Number of protein chains: 2
Amino acid sequence: MSAELRFATIGTSAICERFIDAVERTDGVQYVASYSRSLAKAHEFADKHHARLAFDNLDTLAGSSAVDAVYIASPNALHAPQAKKMLSAGKHVLVEKSFASNTAEAASVFACADENGAVAMEAMRNLYDPGFEETEHVMAQLGTVHAANLRFSKITSRMARLRAGNRINVFDPRLSEGALMDIGVYAVEPAVALFGVPERIAAAGVMGNVPEEPADSPYRLVDLSGEILLEYSEMVASIGYGKTYDSLIPCEIAGDLGTLSIRSIANFSGLGLSMHEDKGMIYDTGKGSETNLHVDTPHNDMVCELACFLKATGGDKEARSRIARFRQVTLDSLAVMDEARSQLNVGFPSDMATQFK
Amino acid sequence: MSAELRFATIGTSAICERFIDAVERTDGVQYVASYSRSLAKAHEFADKHHARLAFDNLDTLAGSSAVDAVYIASPNALHAPQAKKMLSAGKHVLVEKSFASNTAEAASVFACADENGAVAMEAMRNLYDPGFEETEHVMAQLGTVHAANLRFSKITSRMARLRAGNRINVFDPRLSEGALMDIGVYAVEPAVALFGVPERIAAAGVMGNVPEEPADSPYRLVDLSGEILLEYSEMVASIGYGKTYDSLIPCEIAGDLGTLSIRSIANFSGLGLSMHEDKGMIYDTGKGSETNLHVDTPHNDMVCELACFLKATGGDKEARSRIARFRQVTLDSLAVMDEARSQLNVGFPSDMATQFK
């Protein structure tokens, strides 16, 4: 391995470009190779981002001695097989969320990483944001937490294209996609990280038709937005997500001593703490006494997860223990999403594959 | 009947005093009588609020020719029997929320009102606030509504008393009380009024022990806070309520064209409209382009429901049609709450009584 961790990318979307921007802002890491199913597209993407290599064959990429790690930002259904191919060749993998189609698939990726002495980490960027740590720290002041309301909903122009009859990757259950896997995960994973495995789950969703999918296909419906309740003995967490509307209200974690508001769960920014003041029976709540908590979140906050990945691949103990913790969060969150999908009747082809493994 | 509608009150709590304040601010209505189980307390309350009469016997109150209407603010379990007693004597009743213990009980009260040619109305004040009408009006601009997040949670000093082992009316299932019936109703009723009867309901709650209640009692647990999902074909409404924490974030109703925020569902105040602007893939949502909608909500907004009640008892057609609409909302909302309570295992003695009627 060279002094710098040499990264390849799988995928050529906006999130991939954002990752490369994070690489450019980070010492000790270098962007060297692009993969696309189309070699022309791979070359074009590599040239644009000053990478030396371009691949259209995953086996060749896996066998290349010029690559140490791979950032995987393909459709969700491809994450696990691609990650395992790279891990088996001894490469580290940083895998965009959602890490895999389901819990069983994710477990098989982590097992493969362990067998090959390589690092597999989910690029769940908000868990690595400084605001997440600050939230954990501040929660101690809230008393017994009784409620969390975590939501991330952003309407996408892809909605109109879907309604017009276009088949879109992000709304295709055959690719293990849908609103929950694409955007809901931003709220589910912090909930599981902060509050643990829920005792009971209830999900409700707004569904859309998948264009060109036969009427008797198990993949003819996709979730466009939804709500999940995570029930614990002392609290209920309410998760809201959607690609059909913009949610503009802050998130909130509330205990019997105080309430923490979080402007955006996507990067844990805009934290505000309001301690409870007993004003008797009032009918209108305000935020008069909210204290803003200062957190320095980088504009491109993918540098945070990248920094941890880099340290972990370098053998840093603290980073390894952090990603070990978040590996469990990945697994437990996928279990929540498996159950939510089951309640919403959203099945993926990968569910069948892993079930019979 | 005199030129003025002469009101008696049942109850002597803060909400009762607020109602009397609303009476004093309203033309054509007069506060004349107080009822309490203790005659001394009834006299004291009557004197304080300049009422001429004081009762400690409900039959005597029902038989009094000096009283035209009764505002009932006793514990929920007493609402229906007291309302029916008054209606049967030809008096109109304005009944604090929750109107009755369950749907069947509420239906029996409305039937009794119809039989006696009297008005029975739930004092669900936020439905009568001008902000509710404005919300209905603005919803037309939101496009297809896909999500609503309505919440009302306020920690009460009674929580500490409950935890210390005191039996408290508002946390007593034997009185048809608990967080859902006391405070959740503020969010459930607008949801049902705005979006209709849900296709599916899922509830999760935080439960507390009822002091002095035997271990084998069906009334040993009370709901302290909770979340309810109302699922419709095109949307999910998420209802949050609690007496264990302060929720400080606004409510929200969101469609594919825009998002309406509501600072307080308790009186539908602080409305803000944000139309969707396509800014591509952004990770942080803001409220930069929110337009504040001006609504004049009276400081004591109970005058709004009182005005409608007064008109309805006077035979005004528009008011009668409005309370007929909200009568259905009361019934449909209680059906939602019956189902939520069933999922939370919160039963009331009245459930048994009405079941076998």
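This write-up is about the structure you can find in this document. (Residues numbered from 1 in each chain as written. Chains lettered and ligands numbered in written order. Predicted model: local features only at pLDDT ≥ 70, side-chain atom pairs only at ≥ 80, totals over all residues. Heavy atoms only, no water.)

Another aspect to go through is the packing of helix 7 (residues 130–139) of chain B against helix 9 (residues 179–195) of chain B. All names here are of chain B. The geometry of helix 7 relative to helix 9 is characterised by a closest axis approach of 11 Å and an angle of 40° between their N-to-C directions. As judged from the angle between their axes, helix 7 and helix 9 are oblique. For the pair helix 7 and helix 9, the crossing hand works out as right-handed. For the pair formed by helix 7 and helix 9, the contact residues are Phe132, Thr135, Glu136 and Met139 on the first element and Pro190, Ala193, Leu194 and Phe195 on the second. Split into classes, the residues belonging to the contact of helix 7 with helix 9 amount to six nonpolar, one polar and one charged. (Axes fitted to C-alpha atoms, helices over the stretch in contact; angles between N-to-C directions. Helix = DSSP H or I, 4+ residues; strand = E, 2+ residues; numbered from the N terminus. Parallel < 35°, antiparallel > 145°, perpendicular 65-115°, else oblique. Left-handed = near helix turned anticlockwise from the far one by under 90°. Contact = heavy atoms within 4.5 Å. Nonpolar A, V, L, I, M, F, W, Y, C, P; charged D, E, K, R; others polar.)

So, about the pairing of strand 4 (residues 69–72) of chain A. Residues and elements named next belong to chain A. What you see with strand 4 is no split at all: Ala69 and Tyr71 on one side and Val70 and Ile72 on the other are buried throughout. In terms of strand pairing, strand 4 meets strand 5 (residues 92–96) through four bridges, oriented parallel. Note on strand 5: the bridge partner recorded for Val70 is Val93. Tracing the backbone out of strand 4, into helix 4 (residues 76–88) and back to the parallel element strand 5 gives a crossover that is right-handed. (Buried < 20%, exposed > 50% of the residue type's maximum accessible area, 1.4 Å probe, protein only. Pairing = 2+ DSSP bridges. Right-handed = clockwise from strand over helix to strand, strands pointing away.)

Moving on, we come to the sheet that holds strand 10 (residues 236–242) of chain A. All names here are of chain A. Reading across the sheet, the eight strands line up as 8-9-10-7-11-12-13-14 and stay open at both edges, with mixed pairing between neighbours. One side of each edge strand has no neighbouring strand; the edge strands of this open sheet are strand 8 (200–209) and strand 14 (291–293). In this sheet, neighbouring strand axes are inclined to one another by 15° on average, regardless of whether the strands run parallel or antiparallel. One ladder, built from four bridges, connects strand 11 (residues 251–255) with strand 12 (residues 258–264); its direction is antiparallel. When the bridges of strand 12 are listed, Glu252 appears paired with Ser261. Sheet strands in contact with helix 7 (residues 130–139) are strand 7 (145–153), strand 11, strand 12, strand 13 (269–275) and strand 14, and its direction is about 10° off that of strand 13. Lying on the sheet, helix 9 (residues 179–195) is in contact with strand 7, strand 9 (221–231), strand 10 and strand 11; it crosses strand 10 at an angle near 160°.

So, about the pairing of strand 2 (residues 29–35) of chain B. All names here are of chain B. Within strand 2, six of the seven residues are buried, leaving the element largely enclosed by the surrounding structure. Both strand 1 (residues 5–10) and strand 2 contribute to a ladder of six bridges, which runs parallel. Paired with Arg6 across the strands is Gln30, a residue of strand 2. You can see the chain leave strand 1, run along helix 1 (residues 14–24) and come back into strand 2, and the turn it takes is right-handed. Looking at chain direction, strand 2 and strand 3 (residues 53–55) are connected through three bridges and run parallel. When the sheet's bridge partners are listed, Tyr35 is paired in strand 3 with Phe55. Note that the unit made of strand 2, helix 2 (residues 39–48) and strand 3 has a crossover that is right-handed.

Superposing chain B onto chain A takes a rotation of 180° combined with a translation of 0.0 Å along the rotation axis, leaving an RMSD of 0.0 Å. In the structure described here, the two chain copies are related by an operation that fits a two-fold rotation axis. Looking at the interface residues of chain B, 100% of them are also at the interface in chain A, so both copies use one shared face. (Least-squares fit on C-alpha atoms with pLDDT ≥ 70 in both.)

Residues and elements named next belong to chain A. Taking 1.5 Å of rise per residue, 28 residues should cover 40 Å, and helix 11 (residues 317–344) covers 40 Å from first to last C-alpha, within 8% of that figure. Where helix 11 begins, one side-chain oxygen reaches toward the backbone nitrogen of Glu318, 3.2 Å away; that side chain belongs to Asp316. Positive phi shows up at Asn345, right after helix 11, with a value of about 60°. (Expected span 1.5 Å × (residues − 1). Polar contact = N/O pair within 3.5 Å; in protein donor to acceptor, adjacent residues only side chain to side chain.)

Our focus in this paragraph is the packing of helix 5 (residues 103–115) of chain B against helix 11 (residues 317–344) of chain B. To characterise two packed helices, one gives the angle between the axes of the helices and the distance between these axes. All names here are of chain B. Relative orientation of the contacting elements helix 5 and helix 11 amounts to 160°, with a least axis distance of 8 Å. Viewed along their axes, helix 5 and helix 11 adopt a mutual orientation that is roughly antiparallel. The interaxial crossing formed by helix 5 with helix 11 has left-handed handedness. Between helix 5, through Thr103, Ala106, Ala107, Phe110 and Asp114, and helix 11, the contact on the second element is made entirely by Arg327, Thr330, Leu331, Leu334, Ala335 and Asp338.

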